Amino acid sequence: MGKTGGFIEYSRKDHGVRAPQDRIGDYGEFSQRLPEDEQKIQAARCMNCGTPFCQAGLDINGKLTGCPLHNLIPEWNDLVFRGKWQEAYERLVLTNPFPEFTGRLCPAPCEAGCNLGLNDDPTSIKDTELQIIERAFESGWAKPISIVNRTGKKVLVIGSGPSGLAAAHTLNRLGNQVTVFERDDRMGGLLMYGIPNMKLDKRIVSRRLENMKSEGIRLECNMPITSKEQADQILVEYDAVLLCCGSKKARDLSVPGREALGIYFAVDYLSRNTKSLLESDLTDGKEISAKGKHVVIVGGGDTGTDCTATAVRQGAVSITQIEIMDCPPEKRDYNNPWPEWPVVCKQDYGQQEVILKYGMDPRRWLTTITKINKGFSGEIISVEVSRVKWEKVENSIVAVPLKGSEEILSCDLLLIAMGFTGPEAAIMDAFSVEVNNRGYPVSDVLFHTSNPKVFTAGDQRRGQSLVVWAIREGIECAYEVNHSDLRTTYVLL
Ligand SMILES: Cc1cc2nc3c(=O)[nH]c(=O)nc-3n(C[C@H](O)[C@H](O)[C@H](O)COP(=O)(O)OP(=O)(O)OC[C@H]3O[C@@H](n4cnc5c(N)ncnc54)[C@H](O)[C@@H]3O)c2cc1C
Ligand code: SF4
């Protein structure tokens, strides 16, 4: 274990963050690593519990607790405490192929499950994970390996988000010849276009892609697969195909005036900003700019927060974030005990930056947009909002606008961050994959589809989720493909 009694001796200390007044001037990452010695002390707080919920990845009452990848957390905490960083790295990558992504992006359900969290601050696991992988890259341990035994099987992964990359990585290491097709001009899925550079510097994604290429994976951009002709050719050429195309259909706003100009989906807004940043350091004018505008964001979740932080950097005049649900409590409710994921109100980086620059939290809870008003040229000029009350109507609970609470907010850029309704149909039609009434592939066996050569993983299979889940799905799907593949070979012999 870490240090005997370390959890009594030491307090939790999180990674540093760049001060909001400094970081809103650029798109550099805002989190900063602790010095090595301080991170070792954090690892020393681990108690090596008999039942380490941190690595369990359990669903308790519909709420996740513990790491979905089953990272061997107490083991690498102990190795870090003893300064055995390389061994900690070797232990970490047994279960997680991309700790540099989760160490930056994961909401850390491991920490929610940490036994220390019962009556103290949990061990800081995510920061230690990031420290291990970054030291491994700096020290040259995280280098490509050569795959000696090749199976002679060819596998195509369509979609290069974390699920597709994790599947490609695993299948390649199992000896298969892997190709990844991506329709965008850069690899990475939402890691590249979606999640802003402040949370994940795109050089971190490129660094991993270089390693994967060196291990023999073919990565091909600008390859949208949408037609039956393409799919038929692919099925002839490859032994198995994995659909890892995400859950891309954005949930729309259905109110009068929706057709006004100046309304965008969050991912389009975020992606264009990142593309312009990468291609021209934001000088090509191709981003959707919030400069000098009143910005309203519909959706109080993490995607809305990323829009908030981007709009701050672009120089918005005002930012309002509208959320139809009520604000969660400050502390866990009695019916949401440890080790369940705590449903509590958090002030994320985007809100902190708005508070610093504009003097108030941008979020309005229990609020909805009821109408969009247009100017003479059809451009959005304002939105009408109302407070809502959740009421039981017939058999469902609905948000009813409260009379007398109507208000008009100036708005010349409206961003819709209301989540996603499911995967795009074209790719499933192309491969003749059966779907359920919500548009997700159906099959009796996990990760399979109705087409025996076609598999699926990540958001495309389970719906919009987290990077850590996408990685787990990619790995498990890869083993399922490999297993089926071996089974076929066995039967043929
Ligand atoms: C703005 C935003 C911020 C987020 N922040 C976080 C966070 O901080 N932490 C976290 O854990 N999760 C976060 N998430 C969720 C997380 O990014 C996703 O759950 C994860 O990326 C899903 O991975 P995936 O591989 O299944 O799909 P994606 O990452 O969506 O990748 C799918 C890929 O498939 C490609 N594709 C689609 N159709 C085709 C086709 N027909 N042909 C070829 N290619 C195709 C797409 O271009 C895309 O590159 C965020 C999501 C969003 C939208
Ligand atoms: S991947 Fe996420 S849940 Fe797993 S150890 Fe890392 S931060 Fe925790």
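Residues numbered from 1 in each chain as written. Chains lettered and ligands numbered in written order. Predicted model: local features only at pLDDT ≥ 70, side-chain atom pairs only at ≥ 80, totals over all residues.

### A few points about the overall build of the chain
Put simply, the test is: Helix and strand labels come from DSSP, where a helix needs a run of H or I of at least four residues and a strand needs a run of E of at least two; each type is numbered from the N terminus. The globule rule used for comparison is 2.2 Å times the number of residues to the exponent 0.38, while the radius of gyration itself is calculated over C-alpha atoms. Any residue whose C-beta has 12 or fewer other C-beta atoms within 10 Å is treated as exposed, any with 20 or more as buried, and any in between as partly exposed, C-beta atoms being built from the backbone. Here contacts are defined at the residue level, using C-beta atoms placed from the backbone and a cut-off of 7 Å between them.
Looking only at helices and strands, one finds 17 helices and 20 strands in the chain. Relative to the compact-globule value of 23 Å for 493 residues, the chain shows a C-alpha radius of gyration of 24 Å, a close match. By principal-axis analysis of the C-alpha atoms, the chain measures approximately 70 × 65 × 55 Å. Expressed as a percentage of its 493 residues, the buried residues of the chain come to 45%. Considering only contacts within the chain whose residues lie at least 6 apart along the sequence, 69% involve residues at least 24 apart.

### Some remarks on the sheet that holds strand β11 (residues 294-298)
So the rule is basically this: Criterion used throughout: strands pair if DSSP finds at least two bridges between them.
A sheet is described by the order of its strands in space; here five strands give the open sequence β10-β18-β11-β12-β13, paired in parallel fashion. The sheet is open, and its two borders are formed by β10 (263-265) and β13 (363-364), each paired with just one other strand. Two strands pair when backbone bridges link them, and β10 and strand β18 (residues 413-416) are joined in this way by three bridges, in the parallel orientation. Within β18, the position partnered with Phe265 by the bridge is Ile416.

### Brief notes about the site of ligand 1
Basically, it comes down to this: Should the C-beta atom of a residue, placed from the backbone, lie within 6 Å of a molecule or strand, that residue is near it. Amino acids outside the nonpolar list (Ala, Val, Leu, Ile, Met, Phe, Trp, Tyr, Cys, Pro) and the charged list (Asp, Glu, Lys, Arg) are all regarded as polar, and Gly is one of them. In this document the domain limits rely on a domain assignment from an automatic tool or a database.
Residues in close proximity to ligand 1 total 41 residues, the closest being Gly159, Gly161, Gly189, Gly246 and Gly458. Of all elements in the fold, only α9 (162-173), α12 (266-280), α13 (302-314), α16 (459-462) and α17 (467-492) reach the threshold of two or more residues within the shell around ligand 1. By residue class, the composition of the shell around ligand 1 is 19 nonpolar, 14 polar and eight charged. Here the shell around ligand 1 spans two domains, since at least three of its residues come from each of domain 2 (154-249 + 421-492) and domain 3 (252-418).

### Notes on the nonpolar core
Worth spelling out the cut-off: Buried Ala, Val, Leu, Ile, Met, Phe, Trp, Tyr and Cys residues form a nonpolar core when they are connected through C-beta atoms within 7 Å.
If you look at the biggest cluster of nonpolar residues, it comprises 85 residues, and the most contacted ones within it are Val157, Ile158, Ala167 and Leu242. Looking at this core element by element, the count peaks at nine residues for α17. Residue contributions to this core reach at least three from each of two domains, namely domain 1 (6-139) and domain 2 (154-249 + 421-492). For Ile158, the contacting residues outside a window of four places in its chain are Phe181, Ile225, Val241, Leu242, Leu243, Cys244, Cys245 and Ile427. Counting 37 residues, the second-largest nonpolar core is a separate cluster that includes Ile24, Phe30, Ile297 and Ala311.

### Focus: the domain arrangement of the chain
Here the chain is described as being made up of domain 1 (6-139), domain 2 (154-249 + 421-492) and domain 3 (252-418). One C-alpha centre belongs to domain 2, the other to domain 3, and the line joining them spans 31 Å. Residue composition of the side of domain 2 that touches domain 3, grouped by class: four nonpolar, two polar and one charged.

### A word on the packing of α13 against helix α14 (residues 349-358)
Stated formally: Each axis is a line fitted through C-alpha atoms, and for a helix only the stretch in contact is used; angles between axes span 0 to 180 degrees, taken between their N-to-C directions. Should the near helix be turned counterclockwise from the far one by less than a right angle, the crossing is left-handed, whereas a clockwise turn marks it as right-handed.
It is at 7 Å that the axes of α13 and α14 come closest, and there the two elements cross at 35 degrees. α14 is crossed by α13, and the crossing has left-handed handedness. The segment α13 lies against α14, with Thr305, Asp306, Thr308, Ala309 and Val312 engaging Tyr349, Gly350, Gln351, Glu353, Val354 and Lys357.

### Some thoughts on the site of ligand 2
Around ligand 2 sit 14 residues, and of these Cys67, Thr102, Cys106, Cys110 and Lys126 come closest. Broken down by secondary-structure element, the contributors of at least two residues to the shell around ligand 2 are α7 (109-113) and α8 (125-139). Residue contributions to the shell around ligand 2 peak at three residues, all from α8. A per-class count over the shell around ligand 2 returns nine nonpolar, three polar and two charged.

### Considerations on the sheet that holds strand β20 (residues 454-456)
If you walk across this open sheet you meet the five strands as β7-β6-β5-β8-β20, and the pairing is parallel. The sheet is open, and its two edges are formed by β7 (218-220) and β20, each paired on a single side. Across the sheet, the mean angle separating the axes of adjacent strands is 20 degrees when strand polarity is ignored. Pairing of strand β6 (residues 177-181) with β7, which is carried by three bridges, proceeds in the parallel orientation. Paired with Phe181 across the bridge in β7 is Glu220. Sheet contacts for α9: β5 (154-158), β6 and β8 (240-243); angle to β6, the most-contacted strand, approximately 165 degrees.

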